[in-house]
Amino acid sequence: MRIKFSLLFHAFMIVICIIPILILFALSFSKNWAFPAILADHFSPIAWQDLFSGGNDIRHSLLLSLLIALIVACTATTIGFFISKTIAYHNFRRQLLFLAYLPFVLSPVILALCLKFYFIKLSLAGTVSGVMIAQLIVAIPYSIIFFSGFWNQRVKAFADIVNTLGGTNMLALTKVLIPLAKPLLLICFFQCFLISWFEYGLTSVIGYGKIQTLPIKVYQFLIEANIFYAALSCCLLIMPPVLLLWINKSIFLKRLY
Amino acid sequence: MLIEINHITKCFSGKPVLSDISLKVDMYETLSILGKSGCGKSTLLKIIAGIEKPDEGSILVKGIDISKQEPHERNIVYLFQEALLFPNLNVFENIAFGLRIKKIEKKVITQQVSVMLERLGLTDHSKKMPHQISGGQKQRVAFGRALIINPPLILLDEPFSNLDTETRSQMQDLYKKVAIDFHITALFVTHDIKEALLMGDRMTYLQDGKLKVYDSKQDFMNDEITGAKKEISFWNNI
C-alpha cells in the first residue's frame with residue numbers, strides 16, 4: 001500500500017514537472033498559434049534552426065548568460081568559501097555573518113536601484129563586468145551563508161592535525177579541507193550558477209538593457225508578444241534546473257531502492 | 001631534558017586559564033596531566049603544539065626555543081580526543097600522510113607503513129576507509145599516523161575518552177607497549193585518575209590554571225586535591 005502511494009506520488013510529481021516543459025517545447029516548435037485554437041496551425045523547427053545557425057540573437061544571449069553564470073558561480077563559491085572561514089573563526093562571527101544577510105533584505109530591483117549611482121560613477125553600468133559585479137553582490141553573501149555551517153571546531157582540528165604532522169596551511173587546504181568540502185563546493189557552485197542564471201532585476205537595472213542575458217530576452221520576447229521565441233528562450237533557461245532535477249532524481253532513486 | 005616549559009600564561013577574554021605554568025619532561029618519559037574538564041589541559045597542549053599562542057612564556061625542545069615556530073615546524077604531534085582520521089583517505093594513506101608530506105620515497109613509505117600496520121595489528125584493515133573501522137581501530141590508526149614520523153614529543157589529549165571501557169583498557173595496554181617500543185616522550189592529558197596513574201611515569205595536577213608537579217606517584221596519591229585518596233577509599237569501602 002505504501003509502495004503504491006509512493007509510486008503514485010512520484011508519477012504525479014513527474015507529470016507536474018514534465019508537462020510544463022513539454023508545453024514549452026511544443027510552443028518553441030509552433031507557428032501561427034491563434035486563440036482559441038488548442039494547438040498551433042503547424043509546427044516548424046525554424047526557431048531552433050535560427051538558434052544554431054545564429055539567425056537570431058538568442059544564441060548570443062545563451063552564451064553571454066553561460067559566461068556570466070559560470071564566472072559568477074566560480075568567483076562566489078571560491079570567495080565565499082574563504083571569507084566564511086575567516087568569519088567562522090573570528091571573534092565577531094555573529095556581527096560579520098549578519099552583514100552577509102543584508103543584500104537579501106531588499107528585493108534585487110530595489111538593491112540595484114540603490115547601487116545604480118555607484119555603477120554609473122564607476123562606468124560599470126551597461127557593461128558585462130558591471131552585471132557580474134552586481135550579481136556577485138548577491139551571490140557572494142549567499143555563498144558565505146552557505147559555507148558558514150561547514151567551518152566548525154572539528155574541521156579546524158583536521159587542519160591542526162595536518163599542521164602538527166608537518167603540513168603547511170596550503171597543504172591542509174588542498175589535501176584535507178577541500179576534499180572534505182567537495183560536495184558542498186559543488187552544491188554551492190550550482191546554486192550560485194542558478195542565482196546568476198535566473199537573475200533579472202539586478203541585470204536589467206545595472207545592465208541598462210544593453211546586457212541581454214536569457215531572462216532579459218524572455219521578458220523582451222513576451223513584451224513583443226513573440227511567444228514562440230520566448231518559449232525557445234525558456235527551454236534554454238530551464239535546462240540547468242532540469243539537469244539538477246535529473247541528477248537529484250538519480251541520487252534520490254538510488255537511495256530509495 | 002627533552003622539553004622545558006617556562007612560565008606559560010594564557011587568558012581568554014581577560015580570564016586566566018593558565019597561570020605561570022612551568023614543567024620539564026625527560027626523554028622517553030610520559031608525563032600525566034590530570035585535571036577536571038575545562039581546567040586548561042587542552043589549552044596547555046595546544047600551546048605546546050603551536051595551535052594556540054601563549055600570552056607569555058617560552059617552550060624549549062632540546063634547549064632550542066620553539067615558541068615562535070609555526071606548528072608545522074615544531075615536529076610535535078597532537079592527538080585529539082577523537083581520532084579524526086581523514087575521511088577521504090583509507091587506513092594506509094592516513095598512516096602514510098606524514099611521510100608523504102616529507103616527500104619520502106614511495107618504496108620507503110610502503111615499507112614503513114606496512115611495518116606500522118603490522119605492529120598496530122591493522123594489516124587486514126589497510127584498504128578500509130575510516131568509516132569502516134571501529135573506534136579503537138581508528139585510535140590505533142591515529143597513533144600510527146603520529147608515530148610514523150618519529151616526533152620527539154607526542155601530545156595526547158584524552159585520546160581514549162570516547163572509547164568503551166574494554167577498548168579503552170586495550171588501548172591503554174597498547175600505548176604502554178608502544179611507548180616502550182618506539183621510545184615515546186609524551187604529555188598525556190586526562191580527567192581520569194586511574195588512567196593518569198596507569199599511563200604516566202610522573203604525575204601533575206592542573207587546577208585553577210596552576211600546575212602542580214609531583215616528585216613521585218606516592219606524593220600524588222597522598223595529596224587530597226588530586227582525589228586519589230577518595231577513589232581508593234571508595235573502592236575499599238564498596
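Residues numbered from 1 in each chain as written. Chains lettered and ligands numbered in written order. Predicted model: local features only at pLDDT ≥ 70, side-chain atom pairs only at ≥ 80, totals over all residues. Heavy atoms only, no water.

## Quick word on the interface of chain B and chain A
Interface size, as often reported, equals the accessible area lost upon joining of the parts. Taken together, the contact between chain B and chain A spans 21 residues of the former and 18 residues of the latter. Counting the surface lost from both chain B and chain A, the interface buries some 1,700 Å², and carbon and sulfur atoms represent 72% of this. At the junction of chain B with chain A, the criterion picks out one salt bridge. The shortest N-O distance in the salt bridge between Glu82 of chain B and Arg154 of chain A comes to 2.7 Å. (Contact = heavy atoms within 4.5 Å. Buried area = accessible area lost by both parts, 1.4 Å probe. Salt bridge = Lys/Arg side-chain N within 4 Å of Asp/Glu carboxyl O.)

## Comments concerning helix α6 (residues 165-181) of chain B
All names here are of chain B. Taking 1.5 Å of rise per residue, 17 residues should cover 24 Å, and α6 covers 24 Å from first to last C-alpha, within 8% of that figure. Within α6, burial applies to Thr167, Arg168, Met171, Gln172, Leu174, Tyr175, Val178 and Ala179. Residues of α6 that are buried make contact with β3 (30-35), α5 (135-147), β7 (153-157), β8 (186-190) and α7 (193-199). Following α6 by one or two positions, His183 has its phi on the positive side, about 50°. (Helix = DSSP H or I, 4+ residues; strand = E, 2+ residues; numbered from the N terminus. Expected span 1.5 Å × (residues − 1). Buried < 20%, exposed > 50% of the residue type's maximum accessible area, 1.4 Å probe, protein only.)

## What about helix α6 (residues 128-148) of chain A?
With 21 residues, α6 of chain A should cover 30 Å at 1.5 Å per step; its first-to-last C-alpha distance of 29 Å lies within 8% of that length. Bending of α6 of chain A peaks at approximately 35° at the position of Leu136 of chain A. (Bend = angle between axes of the 7 residues up to and from the residue.)

## Thoughts on empty space enclosed by the protein
Residue and element names in this part refer to chain A. Inspection of the entire model under this criterion finds one cavity of 30 Å³ or more. Around the largest cavity, the lining residues are Ser65, Ile68, Ala69, Gln135, Ser196, Trp197, Thr213 and Pro215. Elements that contribute at least two residues to the lining of the largest cavity include exactly α3 (58-88) and α8 (169-198). The dominant element in the lining of the largest cavity, judged by the number of residues it contributes, is α3, at three residues. Residue composition of the lining of the largest cavity, by class: four nonpolar, four polar and no charged. (1 Å grid on protein atoms, 1.4 Å probe; cavity = no way out; pocket = protein on both sides within 12 Å on 5 of 7 lines; lining within 4 Å. Points joined across faces, edges and corners; volume = space filled by probe spheres on them. Nonpolar A, V, L, I, M, F, W, Y, C, P; charged D, E, K, R; others polar.)

## Regarding the confidence of the model for chain A
With 95% of its residues at a pLDDT of 70 or more, chain A shows a mean pLDDT of 88. Across chain A, element-level confidence peaks in α6 of chain A with a mean pLDDT of 96 and bottoms out in helix α12 (residues 239-256) of chain A with 68. (pLDDT = per-residue confidence, 0-100.)

## Considering the layout of surface pockets
By volume, the largest pocket is sized at about 660 Å³. Residue lining of the largest pocket: 26 residues in total, with Gln153 of chain A together with Ser42, Lys46, Glu52 and Phe80 of chain B positioned closest to the centre. Per-element accounting of the lining of the largest pocket gives the leading share, five residues, to helix α7 (residues 153-164) of chain A. Considering only residue class, the lining of the largest pocket consists of eight nonpolar, nine polar and nine charged. Its volume calculated, the second largest pocket comes out at about 450 Å³. Looking at the second largest pocket, it is lined by 20 residues, and the ones nearest its centre are Lys85, Ala159, Asp160, Asn163 and Asn169 of chain A. Counting residues per element, the ones that place at least two in the lining of the second largest pocket are α3, α7 and α8 of chain A together with α2 (71-74) of chain B.

## Structural notes on the pattern of salt bridges
All names here are of chain B. Using the criterion set out here, one finds 13 salt bridges over all chains in the structure. Note that Glu195 is salt-bridged to Arg168, the shortest N-O span being 3.2 Å. Taken together, the positions of Glu195 in helix α7 and Arg168 in helix α6 put the pair 27 residues apart, joining distant regions of the chain. Judged by its relative accessible area of 1%, Glu195 falls in the buried class. The exposure class assigned to Arg168 is buried, which follows from its relative accessible area of 15%. Via salt bridges that share partners, Arg119, Lys177 and Asp181 belong to a single interconnected network.

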